[in-house]
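# Fold and geometry: a report
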Amino acid sequence: MKPVFLIISQVYVPDPAAVGQYLADAAAEMARRGYRTVVYTSRNGYEDSSVVYPRREVRDGVEIRRLPFSSFGKDSIKVRLLAQIIFLLQAMFHALFTPGLRGMMVSTSPPACGIGGAIVSLLRRVPIKFWVMDVNPDQLVVMKVVGPKSFPVRLFDAFNLAILRRASDIVVLDRFMAERVARKAPVAHKMHTLPPWPQEGLLESIPHAQNAFRQRHVPAGRLAVMYSGLHTPANPLTTLLEAAQRLQADPRLLLMCIGGGNGKKEVEDKIAAGAQNIVSLPYQPLADIKFSLSAADVHVVSMGDNMVGIVHPCKVYGAMAVARPLLLLGPARCHINDLIETHRIGWRIEHGDVAGAEKVLREILATPPEELQAMGQRAASAITGAMSKKQLLGQFCDVLQRGLPPPRRVAVKALGATVPEH
């Protein structure tokens, strides 16, 4: 029997949430390496709970088991918390009785997944890997959802301490996140800083002239500045929306906001108030993502001033993969600005500086197309090198495989060697 590697996550493909896409890549690579890879996830969509996925499925060699009553939508924090608890209890129960379990991984979806994984890891006596994709309760505290000294925060910090101590390896997404996690527990010796990889299999740069999505949504002569992804108060667009509204008289600018989330309301409000250079579109199907991302001339990445080291906008890698410059709405000291300055691929504006944002937008509008293309090509070149999916996914799965029993091997006497059994 092949050793089982288990992943617990509330979201997984084909759900469009980014964390599910990354977990699917890692799971498929572990299956390719010879492990029987099993995923416990939600049967209902994360953003839209009315979407129901198959109860059992095999994708890319990965066995997916979807659990009921694990998503009720995102209308309220209480409803989301209830769904997370129900999911976690079900996943823990199944994990405790999964035969052949030799290792497991949890991320921060749901946020309390770490404590459930730590308990299973302890009882089953198997190593666990912890992938920190955002940091809570820190995010809830800075968003003023809960007080810093409240009981839920102290309880959550205790949960974090348990998984940080129990995990054999911890993966964080950038140096700022590493600093924050290291302040919670002395785990630097087992922490690995690896950014997410671009979804190269889904992405390519489509020329505007050949892009039906662009032709359908971007009128001729417009320069499309696009925000694509989850809209949340953690990554506000307020300053950019105000600046775009000030540029109503300039027929060249189009601000495109694609995706969902509870932060989308401020976009809809601007449009309802008469902003005609702002458009709102829902999440696009994964199969069409290369067309929607390539429809942009410049991609927006927003990072809340107090969110550095807490969240990591993965959308930046998709924008770079389709060879587009970046416009950062956020502080100078953050991972996205490191990328912009290192590779000379964009601009930055401060939250609250509407006049500065207006000035930058005018500068972008005045930038020659060939210069925008050159910036985009530098972004794409960075992605195809050390930040490529092959490099980063390989390094990530090397971490997952550390300390696990090797896949069952079959002797090859003629060669005097062994090869993994797949």
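The following paragraphs examine the structure supplied in this document. (Residues numbered from 1 in each chain as written. Predicted model: local features only at pLDDT ≥ 70, side-chain atom pairs only at ≥ 80, totals over all residues. Heavy atoms only, no water.)

Bringing the pairing of strand β4 (residues 62-67) into the picture now. Walk down a regular strand and you will see the side chains alternate between the two sheet faces. Buried residues dominate β4, accounting for six of its six residues. Residue alternation in β4 divides its side chains into two sets, Val62, Ile64 and Arg66 and Glu63, Arg65 and Leu67, and both sets are buried. Sheet analysis places strand β3 (residues 56-59) next to β4, joined by four bridges and oriented antiparallel. Across the sheet, Glu57 pairs through a bridge with Ile64, a residue of β4. Hairpin connection of β3 to β4: two residues between the antiparallel strands, including Asp60 at a positive phi of 50°. (Buried < 20%, exposed > 50% of the residue type's maximum accessible area, 1.4 Å probe, protein only. Helix = DSSP H or I, 4+ residues; strand = E, 2+ residues; numbered from the N terminus. Pairing = 2+ DSSP bridges.)

All right, on to the side chain of Glu29 then. Mapped onto the secondary structure, Glu29 falls in helix α1 (residues 18-32). At 2.9 Å, the side chain of Glu29 and the side chain of Arg33 are in polar contact. Ignoring any residue separated from it by four or fewer positions in sequence, one finds Glu29 in contact with Leu393 and Cys397. (Polar contact = N/O pair within 3.5 Å; in protein donor to acceptor, adjacent residues only side chain to side chain. Contact = heavy atoms within 4.5 Å.)

All chains considered together, the criterion is met by three cavities of 30 Å³ or more. By volume, the largest cavity amounts to about 100 Å³. Contributing to the lining of the largest cavity are Thr108, Pro111, Phe130, Val132, Asp134, Val135, Asn136, Phe156, Asn160, Leu164, Val181 and Lys184. Elements that contribute at least two residues to the lining of the largest cavity include exactly α5 (151-166) and α6 (175-184). Among the elements that make up the lining of the largest cavity, the one with the highest residue count is α5 (three residues). Within the lining of the largest cavity, the residues separate by chemical class into seven nonpolar, three polar and two charged. (1 Å grid on protein atoms, 1.4 Å probe; cavity = no way out; pocket = protein on both sides within 12 Å on 5 of 7 lines; lining within 4 Å. Points joined across faces, edges and corners; volume = space filled by probe spheres on them. Nonpolar A, V, L, I, M, F, W, Y, C, P; charged D, E, K, R; others polar.)

With that settled, the discussion passes to a nonpolar patch on the surface. A cluster of nonpolar side chains, Leu81, Ile85 and Leu89, forms an exposed patch at the surface whose accessible area comes to about 290 Å². Looking at the secondary structure, you find Ile85 in helix α2 (residues 77-96). (Patch = residues over 30% accessible without salt bridge, like charges linked within 9 Å, V, L, I, M, F, W, Y side chains within 5 Å. Areas by Shrake-Rupley, 256 points an atom, 1.4 Å probe, with all protein chains shown as cover. Salt bridge = Lys/Arg side-chain N within 4 Å of Asp/Glu carboxyl O.)

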